[in-house]
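Breakdown of the fold
One-letter residues, chain by chain:
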Amino acid sequence: MKERLRGLMLAGLLLHASLLTGCWNRRELNDLAVVVALGVDLEETGYLVTAQVVNPNEVRSQRSSSGSASVVTYTEKGVSIPDALQRMLGKVPRQLYLSHLRVMVFGESLARKGLIDVLDYAAREHDLRNDFYMLVAKGSKARDVLSVVTPFEKIPAESLFSSIMVSNKKWAATGRIKLQHFITVLDRGGSNPVLSGVRVEGDKKKGRNNDFLREIRPETMLKHEGLAVFRKDKLVGWLGEDDSKTVNYMINNVSGTTGFVPCPGRGKGSIGVSIMQSKTSIKAVKGEDGKPAFKVRHVLEANVDDVQCELDLSDPGSITLIEKELEDLARGNTASNIREVQRKFASDIYGFGEALHRQMPKEWAKYKSEWDSYFKTAKIEVNVEVALRKVGSILQPLKKDMEGQ
Amino acid sequence: MGSRQFFILTFGLTVGTSILVTPSGLAATAREDAWLGGLAGYMINLGMAAMYIGLVKLFPGQNLFGMFEKAFGKWAGKAVSLLYFVYFLILAGTLLGNLGFFVTSEVLPDTPIDIVQILFLAACVMCAKTGIVVLARLGELMFPWILFFFMVLILALLPQIEWDYIAPVLEGGLGPVLTAGFHASMFQELIVMVVFVPQLASLRNWKGAFLGGLTFGHLLLVSVVLFSVLILGIEQSANSTFPAYALAKTISLGNFLQRIEGILIALWIMTFFLKTMMLFFSMMQGMKTILGLKSASYAVYPIAVVLLLVAWNTYVNSVYIGEVIQKVWGGYAMIHLVAIPLLTGASGLLRRRMKILSENAEPT
């Protein structure tokens, strides 16, 4: 009797073990279609969704490829995004897997109409993480952007992803914006979001074919270009390179970029500087008319990159001169760029309203409801402080040495 | 049970569900001051804990249910005990429901929720059969891990802090902070610990352990709330179903240490388990007292079955439960956390006074 009981218990234990072998909803790698980029466009009855899916056989580097593209781009219409993704399963042989998404691209017409419904889906879908970047296809459909093959990186989405990282870090004229950041900026009063733009340069049709990559200078390329200004969730316009930089300076999203000032005194040429550190703070103050005004303090640390003038760089006075000039230039630049956004878009992408909210909550309460229209005429004063640190590997400008002989 | 174990169990009870659920409500009510709301909740909990300590002094050697019989007489006491039994049942049931919803909505979306809950409940039943002492030891085993995961969470999030997010402080005055604090303080259910006081080996350090566990638990809670505000911002803290999990999802250290939310779930599962088990044991004690059972272990299976039913029927959907938490729960919990303990204490004091009076009256 006891033996039998023991046997029964053993059987029970073994049965338990069978429960432990795997999860209920395990997803094996070879059943998945890994979506690396998702594009959303406006369609009359809903959305046109584009999914760029990795073709695992072609990405493998060990084996010589059979010549087919390393990603496949599927498009499908649907009333909502999940609806379109479901319908896409009629074409894709595997289950779509969204967790490894790198970029999400919105068509410009969709962005102009408003992104809020798409954002709701993206924030709600638990498979989507928060580590992908969002982009707007400048002047085209998201589908076109996701149909271009890229040199260098086999997966175009990966190429977009890493070029945002690099360009944002070294150039500062593009935006590195993730879903969570966008929603936070959108939801709180007193700030409006921006998104980075991407454009197809060259022939869209040609870009679809893997073959054109054999050329050393591929004709079609994806290019990051400027920031898109949003008022709430709607795109209202584009910023050029210089204005985009200003935005990144203002929201402290610059880790390095370059700039130049004309040579002091007479003479042509310019001095190039690379910005090493930048920190901007906004202070809300009470203006003379009793209404809120703002003081921007921008502290820059820069190195001298190239010198095209005959300047005596061994003289500390020259350094002060360059600093002064850089300060004036940056001040004027920032102030005029802010003014332009105020006037043209009336959209507070710099977060002045938020600064007011955090620093003078009582004042904020008065302007909260119509912030964007007040922002249009708000007084903003910019102050720049520059510190030049290094002059590079040589001291005197070569031009000066040459002329001096 | 030693006082260190008591400390850990109190800690588990404090953190349990609160770590997942409260940040969202706090942020919705107190906005940027959510963390102050957490502190206010701590103060309120301290007050309640002081009251419970008073109860234990007033009725030495009695557990919660015994106190009711002493204070209100046999039948009224049983009735009150039944109220608490139901309270604990609903609590444990919603806890189980919450766990199921959390796991199936964030981690295992295609797994039937019943399976998750039944597996968890099976572990609970096993633990319940072995007794509170084993749970206490389990707590000791889990505690370093809970700390470890918590430290990982906090340290990995440090670089993402946006100090701006915390201003303005006290924009709406103290009102919202206190309201939020009151609501948050209704989720720690420290009265459960009163059930276990008689099982302590010695009463020497228990007050320290009790208040220590409570304090330490709140330290964790308030830091999670603070980090939610500092990193997610109030809008997303308030609008997330599980802000603490959303927080874990944002971890990304140098593009290397990321996507570790799957591991950090252990933090919640462990504290969930501690809390569910504390409630489970309380219910067993309650059933024993109410029905006059010889041993509390008879109650294990009935409770398990009813618990599952409660879980399935209370946690209909997350919106419904949110509504209940916002509108009903505060008052309902307050009856059990404040009103009845106060009555019990008052009755106990009155009875003692009468006893002293009658003793004094006799000799004369």
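The paragraphs below set out a description of the structure included in this document. On a predicted model such as this, the values are computed, not experimentally measured, just so you know.

1. Examining the overall build of chain B
In terms of regular secondary structure, chain B is built from 14 helices and two strands. Against the 2.2 N^0.38 benchmark of 21 Å for 364 residues, chain B shows a C-alpha radius of gyration of 21 Å, consistent with a compact globule. For chain B, the proportion of its 364 residues judged to be buried stands at 55%. Counted over contacts in chain B with a minimum sequence separation of 6, partners at least 24 positions apart contribute 83%. Summed over all atoms, the accessible surface of chain B reaches about 14900 Å², with 68% contributed by carbon and sulfur. Charge centroids of chain B, computed over 20 positive and 16 negative side chains, lie 20 Å from each other.

2. Side note on the interface of chain B and chain A
With 24 residues of chain B at the contact, the number on the chain A side is 20 residues. When chain B packs against chain A, the two sides together hide about 2100 Å² of surface, and 49% of this comes from carbon and sulfur. The three residues of chain B that bury the most area against chain A are Glu235, Gln236 and Arg259 of chain B, which together make up 28% of that side's buried surface. For the interface between chain B and chain A, the tally reads one salt bridge.

3. Description of helix α10 (residues 316–344) of chain A
With 29 residues, α10 of chain A extends 42 Å between its outermost C-alpha atoms, agreeing within 8% with the 42 Å of an ideal straight helix rising 1.5 Å per residue. Directly beyond the C-terminal end of α10 of chain A, a positive phi value near 45 degrees is found at Ala346 of chain A.

4. Digging into the nonpolar core
Core analysis: the largest hydrophobic core is formed by 118 residues, its most contacted members being Phe6, Tyr84, Phe88, Leu135, Trp268 and Phe280 of chain B. For this core, the leading source of residues is helix α12 (residues 261–291) of chain B, giving 17 residues. When near neighbours in sequence (up to four residues on either side) are disregarded, Phe88 of chain B contacts Leu64, Phe65, Ile191, Val192, Leu279, Ser282 and Met283 of chain B. In terms of nonpolar packing, the next biggest core, distinct from the first, is built from 88 residues, Val247, Val273, Tyr367 and Val382 of chain A among them.

5. Notes on the pairing of strand β1 (residues 32–43) of chain A
Residue and element names in this part refer to chain A. Counted residue by residue, β1 has 10 buried out of 12 residues, so it is predominantly covered. In this sheet, strand β4 (residues 95–97) lies alongside β1 in parallel orientation, the contact comprising three bridges. Directly across from Ala33, in β4, lies its bridge partner Leu96. Sheet analysis places β1 next to strand β2 (residues 46–54), joined by eight bridges and oriented antiparallel. When the sheet's bridge partners are listed, Asp41 is paired in β2 with Leu48.

Procedures and definitions
Residues numbered from 1 in each chain as written. Chains lettered and ligands numbered in written order. Predicted model: local features only at pLDDT ≥ 70, side-chain atom pairs only at ≥ 80, totals over all residues. Heavy atoms only, no water. Helix = DSSP H or I, 4+ residues; strand = E, 2+ residues; numbered from the N terminus. Rg over C-alpha atoms; globule rule 2.2 N^0.38 Å. Buried < 20%, exposed > 50% of the residue type's maximum accessible area, 1.4 Å probe, protein only. Contact = heavy atoms within 4.5 Å. Areas by Shrake-Rupley, 256 points an atom, 1.4 Å probe, with all protein chains shown as cover. Lys, Arg positive; Asp, Glu negative; His and termini not counted. Charge placed at Lys NZ, Arg CZ, Asp CG, Glu CD. Buried area = accessible area lost by both parts, 1.4 Å probe. Salt bridge = Lys/Arg side-chain N within 4 Å of Asp/Glu carboxyl O. Expected span 1.5 Å × (residues − 1). Core = buried A, V, L, I, M, F, W, Y, C linked by side-chain atoms within 4.5 Å. Pairing = 2+ DSSP bridges.

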